[in-house]
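Analysis of the macromolecular model
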Amino acid sequence: MNPYTSRYPGYDVLNKRDTPSWDAITRKVIAQRMATPSEPGFLDVVRWRALEALCARIVPQPADRPQVPLAGMVDMRLQKNAGDGFRYARLPPLREAWLIGLNALDEESKARHELPFASLEHAAQNTLLTQMQHGELSSSHWKGMDATLFFSQRVLPDICGAYYSHPYAWNEIGFGGPANPRGYVRMYYDRRDPWEAVEAKPGKERQAMEKNRRVR
Amino acid sequence: MSADAQDEPRGKHGRAPDVLRVGGWVPMREYLQNDEVDFAIVGTGAGGATLACRLAEKGFKVVAFDAGAWWRPLEEFASDESHQKKLFWTDERLCDGEDPVKLGNNNSGKAVGGSMVHFAMVSLRFRPEWFKARSLLGYGVDWPLDWREMWHYYGIIEDALKISGPVNYPWGPDRGRYPYRAHELNAAALVLARGAEALGIAWTPTPLATVSAPRGLAHPCAYRGFCVSGCSTNAKQSTLNVWIPRALQAGAEIRDLAMVGRVVVNDAGRCTGVEYFREGRWQFQRARNVVVAGYAIETPRLLLLSATSRFPDGLANSSGLVGKNFMVQSNQAAWGVMDQEIRSYKGPPSLAITEHWNYHDKKDFFGGYSYMSQGPLPVVWALTEGRRGLWGDALLKDMQHYNHYVGLKMVGETMPQERNCITLADEKDDYGLPIARVTHSNCDNDRRLIQHALDFMETALAAGGAKDIWRETDDTCHLNGTARMGSDPHTSVVNADCRSWDIPNLWICDGSVFPTVGGVNPSLTIQAIAYRTADRIEALASRGEL
Amino acid sequence: MTLSRQTWTGVACALAGVAAVAAISRRRRTERLLHIETSRAFNRSSALLACSVLTDSAMEHYRGAFSNVAMYVPPAVATCSLLAGFHGGADRTPATHTVRHAIYWGATLTGLAGTGFHLYNVMKRPGGWSWQNLFYAAPLGAPTALLLSGALGAAAERLRNQPAHEPRLLGMPAGKALGLLSGIGLAGTAIEAALLHFRGSFQHKAMYAPVSVPPAASALLLHASLTRPQPRWLARVVLQLTWLVGWIGTALHVRGVARHHGGWRNWSQNLFNGPPVPAPPSFSALALAGLAALRLREGERR
């Protein structure tokens, strides 16, 4: 069984676009995000491929639904050079960190498997990433940048932050989504407003899906 | 479609945005740059806007500057965390030290209204003894303010913001009834309450600066849960929709998209005005007094940037303490999963609180902490899970518990340490100014307090029914201390009136002036200090001591 | 065409007969009228109250997701009480209607049970008996409205059985009993409004109306019931004002819903988070009962 089958089958926050839960500016902003192209605007082709593969491992999206353009969203951020308003002094700025990191990832991969990161098997990719996470990668290709810090301060926040800013991810986790002017009425536990996602209790997936199709 | 707030200043041509009406405008008095206004205030947050309002209401000529944009909440606040990052300070700062802090959505706003535009509305009073932390509790330093005077000002601020709070507050001296009633608790808050009752400690609905009933043109809270991304209903009572409209009505001018880069002093050692960047060029506003209210990173940064040959270490820095004693508050948390559906993001994030450990002193550490229920939105939740090291299948699987997660998050006191400081880095920002370096390390006391809090919150969470509990061990909130007030010019930067010792017409009025930080969110105290400072300025002016 | 003399005589006799019957019946109707009219007024008042309860409980129990199957009962019972009230309001029969009476007792018992359920709901939450739970847990005063609807109706039915001359209820003159019943009902409803307007921080001056006018009406009505019967113009005026407060309150609640974020377009939230539209008519209902009781009381001997 798919370990992360959504508990909210059939739920789609986008169905609420024309309800009081979404307002004009939210529709505009989300439409822009969903239209993010899946192609590089900042990164070169080689790094783009590494980024795509990296995103696919950090967030292995279910193949049976439309994909969040994760790599495109990260690249878009690099295009705009949209920082967080701070960075760890030991890390280079946003763009530099990603340029170094993606290149170093490919080099570490080639050193071990003679293949760039994107060409590895998933298991080998995951192993390499775990090594990065635990400080076992330190070749000169990192140009003095701490690989562990790169993983924890750039890879995870930038990629996961991008993923969970997309409506498909909201559907997966049953998040209520945009809420203006209509917020919520029922605040108690085990209570949902009619415009919220229905959680599928074990054995009741079909009923939940039917209800979720009507959630508005 | 009007221009984006970040492209063109809106406080111009004799008018300012009326944030309470869609597309509305109010008249705004404007001053000429060559007019020597009474007060030039840098920053329009909890300190700057409150002071601007009160000074204007007392008849002073006031111009306040903010580097940020003048947002219209009703039309321009999207229900989207990522887009709403436009409310935060996103210019670069460097963070180092043993425990580098994360900046952004927990502590640094960039907007007209400052950080109160995105704040979580938690409005708490200091414990009275904290104003005499050294004499009464044996740590830190004493404030040069009396708690009874602060109690008076707290009441005024709470009424100005129509704080929605419980009919009876469990801790501290009597404070009268909050102006509006507390909000309904959501499921996450009920878990805090259950846990507290199981452990035999008091808890209460949190006093919040968001209205539970209509107030003028402000709608009551719609429980949409995007509070820290900007309130689009105007239920949140803040600088943006309370102090600034009052300031405008009283004749103050607010200049948005105006980055002050230097406070100018003359040869006699007095301020003459501020240099600011607006509409593509550097400009200068003459002023009899300058107030710096940029919060605890930008305030010392500006003072340091304004160094001259006479003041080579920056302005108001004869004590050497400008930028030093930087304090955050510890913001660790315990998280767990409930069998029931919680959907904690429904409603304001911190609907219930306990201040038990602020008022009980049988501890093996100095200082106190409170903890509150939480309601993280998806992105901030994913980042929290990321800090736990989760990614890949493990992350996706755990994110399925999103609607069942519940947590308790602390606001914990940290000790003032001179080694924690704001300094200028070599890197420059887009204005050509050196950026700030924020150096922070916890001390032993901080670590003991955090440990105690994590242990207790984990127990309380389990007592509330949560399972699979884990700890978020690395997070901070708020910024304070970098221009602290005191009674001795050798050990402080400003006096009790927020007036700098070195330069009589230079004032500092924001969270930088806190000598200690307490275990509660600082916004109410900052506003109370600002309100008091205005009263003090009026008194000094009437005696000719300005 | 002219009619014959016999035909004209016949018509005259018939008309005389009709007039005679009418004269006799009118006298009998006039004597029966007041206490039956009072009963009918109480039936109608009970109906209005039941209408308020039906709408309010249906909405609030929907908000509560009918999580307890018992939550279906109040709207159902209130519907019966409403229909009984319509029926009784049009009924001049000087005798208890068995089915209506049973429905009213059902409403009273349901209201009683509901108060128990709501009390349990308040006490089981953290904080137990506290302002927070009185504000946001199941409202204690709401089932009492159903209890009152039943009580008013049951009183109406009992009264029908009474003689026209000096009718009695509960061992006392009927006007006194009904005055006490509606007076207490008004006070209770005012307390519920006070609680919820306190929760709303009395943010609008009009919110003081239901906590000043109805209590005054209640006090005057109770006073009129407990003291020697005589014309009470002040009580009448204040009761009429109370009736008005109910309807104006309803209009203000409708405006209040519109005042919430998103207005009426956001009805699926604001009908529930905004002020309860079905609530204020309960004051009008009780005012009607109070006025009917007062009229009966004013004509009593002691």
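Note: the structure precedes this text.
Please read these numbers as outputs of a predicted model, since none were measured by experiment. Every chain is numbered independently, its residues counted from 1 as its sequence is written. As a convention, the first chain written is A and the first ligand written is 1, with the rest following in written order. Local features in a predicted model are, by the rule used here, given only for residues with pLDDT of at least 70; side-chain atom pairs are given and counted only at 80 or more, and totals for whole chains, interfaces and linings are based on all residues. Each side-chain value is derived from all of the structure's non-hydrogen atoms; neither hydrogens nor water enter the calculation.

Looking now at the interface of chain C and chain B. By the convention used here, residues are in contact when the closest approach between their heavy atoms is within 4.5 Å. Counting residues at the interface gives 19 residues for chain C and 27 residues for chain B. The term buried area means the drop in 1.4 Å probe accessible area that two parts suffer when joined, counted for both and summed. Taken together, the two surfaces of chain C and chain B that pack against each other cover about 1,900 Å², and 58% of this comes from carbon and sulfur. Looking at the side of chain C facing chain B, the largest losses of area belong to C:Pro126, C:Gln132 and C:His261, adding up to 33% of the total buried there. Salt bridges are defined by distance alone: a side-chain nitrogen of Lys or Arg within 4 Å of a carboxyl oxygen of Asp or Glu. At the junction of chain C with chain B, the criterion picks out zero salt bridges. Polar contacts, as counted here, are pairs of nitrogen or oxygen atoms within 3.5 Å of one another; within protein the pair requires one atom able to donate a hydrogen and one able to accept it, and residues that are adjacent in sequence qualify only if both atoms are side-chain atoms. One can count eight residue pairs in polar contact (both at pLDDT 80 or more) joining chain C with chain B. Starting at the N terminus, helices and strands are each numbered in turn, a helix being any DSSP run of H or I of at least four residues and a strand any DSSP run of E of at least two. Mapped onto the side of chain C that touches chain B, the elements with two or more residues apiece are helix H4 (131-136), helix H6 (174-199) and helix H9 (267-273) of chain C. Ranked by the residues each element gives to the side of chain C that touches chain B, the list is headed by H4(C), at four residues. Just so you know the grouping, Ala, Val, Leu, Ile, Met, Phe, Trp, Tyr, Cys and Pro go in nonpolar, Asp, Glu, Lys and Arg go in charged, and all remaining residues, Gly too, go in polar. Classifying every residue of the side of chain C that touches chain B by side-chain character gives five nonpolar, nine polar and five charged.

Below, the discussion takes up the packing of helix H5 (residues 141-161) of chain C against H6(C). Residues and elements named next belong to chain C. Relative orientation of the contacting elements H5 and H6 amounts to 170 degrees, with a least axis distance of 11 Å. Classed by the angle they form, the pair H5 and H6 counts as roughly antiparallel. In this structure, the crossing between H5 and H6 has a hand that is left-handed. For the pair H5 and H6, contact is made by Gly141, Ala142, Leu148, Ala151, Leu152, Ala155 and Leu159 and by Ala174, Leu178, Leu181, Gly185, Thr189 and Glu192, respectively. Grouping the amino acids of the contact of H5 with H6 by side-chain chemistry returns nine nonpolar, three polar and one charged. Throughout, an axis means a line fitted to C-alpha atoms (over the contacting stretch in the case of helices), and angles, computed between N-to-C directions, take values from 0 to 180 degrees. Note on terminology: angles under 35 degrees are roughly parallel, angles over 145 are roughly antiparallel, angles of 65 to 115 are roughly perpendicular, and the others are oblique. Less than a right angle of anticlockwise turn of the near helix away from the far helix marks a crossing as left-handed, whereas a clockwise turn marks it as right-handed.

This next bit is on the packing of H6(C) against helix H7 (residues 213-226) of chain C. Residues and elements named next belong to chain C. Packing of H6 against H7 leaves a shortest axis separation of 8 Å and a crossing angle of 160 degrees. On the basis of their axis angle, the class for H6 and H7 is roughly antiparallel. Remark: the crossing between H6 and H7 carries left-handed chirality. Counted together, Lys176, Gly179, Leu180, Ser182, Gly183, Ile184, Leu186, Ala187 and Ala190 of H6 and Pro214, Pro215, Ala217, Ser218, Leu221, Leu222, Ser225 and Leu226 of H7 form the full contact between these two elements. For the contact of H6 with H7, the per-class residue count stands at eleven nonpolar, five polar and one charged.

Moving on: the interface of chain B and chain A. Listed per partner, the contact involves 67 residues of chain B and 63 residues of chain A. By the criterion of area lost to chain A, the three top residues of chain B are B:Trp391, B:Leu396 and B:Gln400, representing 16% of everything that side buries. The interface formed by chain B and chain A contains six salt bridges. B:Arg343 is the partner of A:Glu196 in a salt bridge, and the nearest nitrogen-oxygen pair spans 3.6 Å. Counting the contacts that link chain B with chain A gives 30 residue pairs in polar contact (both at pLDDT 80 or more). Of all the secondary-structure elements, those providing two or more residues to the side of chain B that touches chain A are helix H2 (73-76), strand E5 (94-96), helix H5 (187-199), helix H9 (378-387) and helix H10 (392-399) of chain B. Of the residues forming the side of chain B that touches chain A, the biggest block, six residues, is contributed by H10(B). Partitioning the side of chain B that touches chain A into residue classes produces 30 nonpolar, 17 polar and 20 charged. Pairing between strands is defined by DSSP: at least two bridges between them are needed. Pairing analysis gives two bridges linking strand E1 (residues 87-88) of chain A to E5(B), with the strands arranged parallel. Residue pairing for E5(B): A:Tyr88 is matched across the bridge by B:Cys95.

Counting through the fold element by element, A:Gln131 comes out in helix H5 (residues 122-133). Excluding anything up to four places from it in sequence, A:Gln131 contacts A:Arg112, A:Glu136 and A:Leu137.

With that settled, consider H5(A). Residues and elements named next belong to chain A. Taking 1.5 Å of rise per residue, the twelve residues of H5 would be expected to cover 16 Å, and the 16 Å separating its terminal C-alpha atoms lies within 8% of that figure. Here H5 has its buried residues at Ala124, Gln125, Leu128, Leu129, Met132 and Gln133. Looking at the buried positions of H5, the neighbouring elements they touch are helix H2 (45-58), helix H4 (94-113) and helix H6 (147-163). In the segment just after H5, Gly135 is the residue with positive phi, at about 80 degrees. To estimate how far a helix should reach, multiply one less than its number of residues by 1.5 Å. With a 1.4 Å probe rolled over the protein chains alone, any residue whose accessible area is under 20% of its type maximum counts as buried; one over 50% counts as exposed, and the rest are partly exposed.

Residues and elements named next belong to chain B. A large share of strand E21 (residues 476-480) lies buried, amounting to five of its five residues. Note that strand E13 (residues 327-330) and E21 share three bridges and pair antiparallel. Counted as the bridge partner of Gln329 is Cys477 from E21.

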